[in-house]
Amino acid sequence: MKAAILEAPATDLLVDRVDIQEPRSGEVLVRLAASGVCHSDLHVVHGTQTTPLPAVLGHEGAGVVEAVGPNVTSVKVGDHVVLSWTPNCGQCAYCQSGHPNLCQVVYAKMGTGLLMDGTSRLSRSGKPLYHYSFISSFAEYCVVPESGCVVIEPGIPLDKAALVGCAVMTGVGAAINTARVQPGSVAAVIGAGGVGLNAIQGSRLAGAASIIAIDVNPAKLARALVFGATHVINAAEVDAIAAVRELTKGMGADYTFEAVGRPETMRQCWEMARPGGTVVMIGIAPAGSELSLPANRVVREERHLLGSFYGSARPHIDMPMILNLYMAGKLLLDELVTHRFSLEQINEAVHSLESGEAIRPVIVLDNR
Ligand SMILES: [Zn+2]
Ligand SMILES: [Zn+2]
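Attention in this report is confined to the structure presented alongside it. Note that the coordinates shown come from a computational prediction; the quantities given were computed from them, not determined experimentally.

### With respect to the coordination of the zinc ion (ligand 1)
Alright, step 1. The coordination sphere of the zinc ion (ligand 1), as far as protein atoms go, consists of Cys38 (SG), His59 (NE2) and Cys166 (SG), spread over 2.0 to 2.2 Å.
Alright, step 2. Donor residues for the zinc ion (ligand 1), ordered by position in the chain, follow C-x20-H-x106-C. In this pair, Cys38 is assigned in the loop between β4 (27-36) and α1 (39-46) and His59 in the loop between β5 (55-56) and β6 (61-68), connecting sequence segments 21 residues apart.

Take a look at the structure:
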């Protein structure tokens, strides 16, 4: 098959022939229809997050089941699937208590670049290649754990469904699952990219009365209005914390979300919430960075500081729910796909996200 390989940080991806093995026990071979390009892929390309290389990147994919390995019971050949990058063991305390996104069995293996049995199904010219986040969707096919396959209705366009595999689940889930935004509340979202727009539409779906979008890119702020923002703040022009307080009678927002992944904006996010409000951190900050907060006010002002990993997802419940909302016309997916590329154009796709020109570049992998 063809796949895009990252050999070293800060280099272009290389599209080449790659060998993929048959799925083993508990694994599924998926013919990919489409893959989004996400900032987490960019972090690896830039070297600010590490994963074993050379690897096939991509972790926001959807496609059709081509083959199943032994002992696979929940999916069958021909099923349409969205791929989850948090497969789960189903047995640990987190899985058993409804938090499969925190499955510690999977978490321990997430950074290894290998599948659950500690081996790879990918190679080039006889030399092994690493997987990425159990998916590797910059490719025509992928072998993934069965528990990472979420079966969806066959009528749903797979190029849109792919985005539910990362950005949409992460943003919508942060609002609905992690923050549990209440009707009539005020939400503020820092960062109006793929994830932030989905925190905005998740807040809209949960019934927030006011949703304030904060970014430094006017084009992104204009798009935020389409997804449900009621106010926008250009943080390049004004003091964003003061602007949020001004819009909330000096109080601060009931819910604030950080979808950038920088300690400075995380601190701003905390300051924008009202005392007793809920602060949700979504963006992945560079490894080793630290967040500083005023220790005295952390206690006195009782903000609830929550991390949100993959939108606190229960992928097999939440992804079909999100797609039901899309099919009912209540959740926007088409508007996220601003650019389309072939696999050969993968580096152009990466640059379109880097420059902020694209909300979500989608790699179309199968036109059949
Ligand atoms: Zn992602
Ligand atoms: Zn588990």
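### Some details on the sheet that holds strand β8 (residues 122-124)
Alright, step 1. Judged by pairing direction, the sheet is antiparallel, and its three strands sit side by side in the order β3-β8-β9 without closing on themselves. This sheet does not close on itself; its edge strands, each paired only once, are β3 (19-20) and β9 (127-129).

### What to know about the coordination of the zinc ion (ligand 2)
Alright, step 1. The coordination sphere of the zinc ion (ligand 2), as far as protein atoms go, consists of Cys89 (SG), Cys92 (SG), Cys95 (SG) and Cys103 (SG), spread over 2.3 to 2.4 Å.
Alright, step 2. For the zinc ion (ligand 2), the four donor atoms in the first shell make angles of 104 to 117° at the metal, a pattern classed as tetrahedral.
Alright, step 3. Mapped onto the polypeptide sequence, the residues donating to the zinc ion (ligand 2) form the spacing pattern C-x2-C-x2-C-x7-C. Both residues of the pair, Cys92 and Cys95, count as buried.

### Some points on the sheet that holds strand β1 (residues 2-6)
Alright, step 1. If you walk across this open sheet you meet the three strands as β2-β1-β5, and the pairing is antiparallel. For this open sheet the edge positions go to β2 (14-17) and β5, each flanked by a neighbour on one side alone.

### Observations concerning helix α6 (residues 218-227)
Each full turn of the α-helix corresponds to 3.6 residues, which orients residues three or four apart in the same direction.
Alright, step 1. Taken residue by residue, α6 has Lys220, Leu221, Ala224 and Phe227 as its buried positions. Buried residues of α6, viewed axially, fall in a sector of 105°; they line one side. Exposed residues pointing more than 90 degrees away from the buried face of α6 are listed as Pro218 and Val226.
Alright, step 2. The secondary structure elements touched by the buried residues of α6 are α5 (194-206), β13 (210-215) and β14 (231-234).

### Regarding the pattern of salt bridges
Alright, step 1. Throughout the structure, instances matching the rule amount to 20 salt bridges.
Alright, step 2. One salt bridge in this structure joins Glu27 and Arg121, with 2.8 Å as the shortest N-O distance. Of this pair, Glu27 sits in strand β4 while Arg121 sits in the loop between α3 (104-110) and β8, placing them 94 residues apart in sequence. In terms of burial, Glu27 and Arg121 fall into one category: buried.
Alright, step 3. Note that Asp254 and Arg274 form a salt bridge whose closest N and O atoms lie 2.6 Å from each other.

### Looking at the packing of aromatic side chains
Alright, step 1. Counted by the stated rule, this structure contains three aromatic pairs.
Alright, step 2. Both rings, one in Trp85 and one in Phe309, keep their centres 5.3 Å apart while their planes meet at 65°; by these two values the pair is edge-to-face. Here Trp85, found in the loop between β7 (80-83) and α2 (93-96), pairs with Phe309, found in the loop between β17 (304-307) and α10 (315-327); they are 224 residues apart in sequence, far enough to count as distant.
Alright, step 3. Exposure remark for Trp85: the relative accessible area of 9% places this residue in the buried category.
Alright, step 4. Each ring, one from Tyr107 and one from Phe309, has its centre 6.4 Å from the other, and the planes form 80°; the classification is edge-to-face. With Tyr107 in helix α3 and Phe309 in the loop between β17 and α10, this pair connects stretches of sequence that are 202 residues apart.
Alright, step 5. Take Phe309: its relative accessible area is 24%, and that puts it in the partly exposed class.
Alright, step 6. Cluster of aromatic residues (ring-pair linked, three or more members): Trp85, Tyr107, Phe309 and Tyr310.
Alright, step 7. Between the NZ or CZ atom of Arg303 and the centre of the ring of Trp270, over which it lies, the distance is 4.3 Å.

Each value, and the rule that gives it
Residues numbered from 1 in each chain as written. Chains lettered and ligands numbered in written order. Predicted model: local features only at pLDDT ≥ 70, side-chain atom pairs only at ≥ 80, totals over all residues. Heavy atoms only, no water. Donors = N, O, S within 2.8 Å, 3.2 Å for Na, K, Ca; no water. Helix = DSSP H or I, 4+ residues; strand = E, 2+ residues; numbered from the N terminus. Pairing = 2+ DSSP bridges. Tetrahedral: all angles 85-135°; square planar, octahedral: opposite > 155°, others 65-115°. Buried < 20%, exposed > 50% of the residue type's maximum accessible area, 1.4 Å probe, protein only. Arc of directions from axis to C-beta. Contact = heavy atoms within 4.5 Å. Salt bridge = Lys/Arg side-chain N within 4 Å of Asp/Glu carboxyl O. Phe/Tyr/Trp six-rings, centres within 6.5 Å; stacked < 30°, edge-to-face > 60°. Lys NZ or Arg CZ within 6 Å of the ring centre and 35° of its normal.

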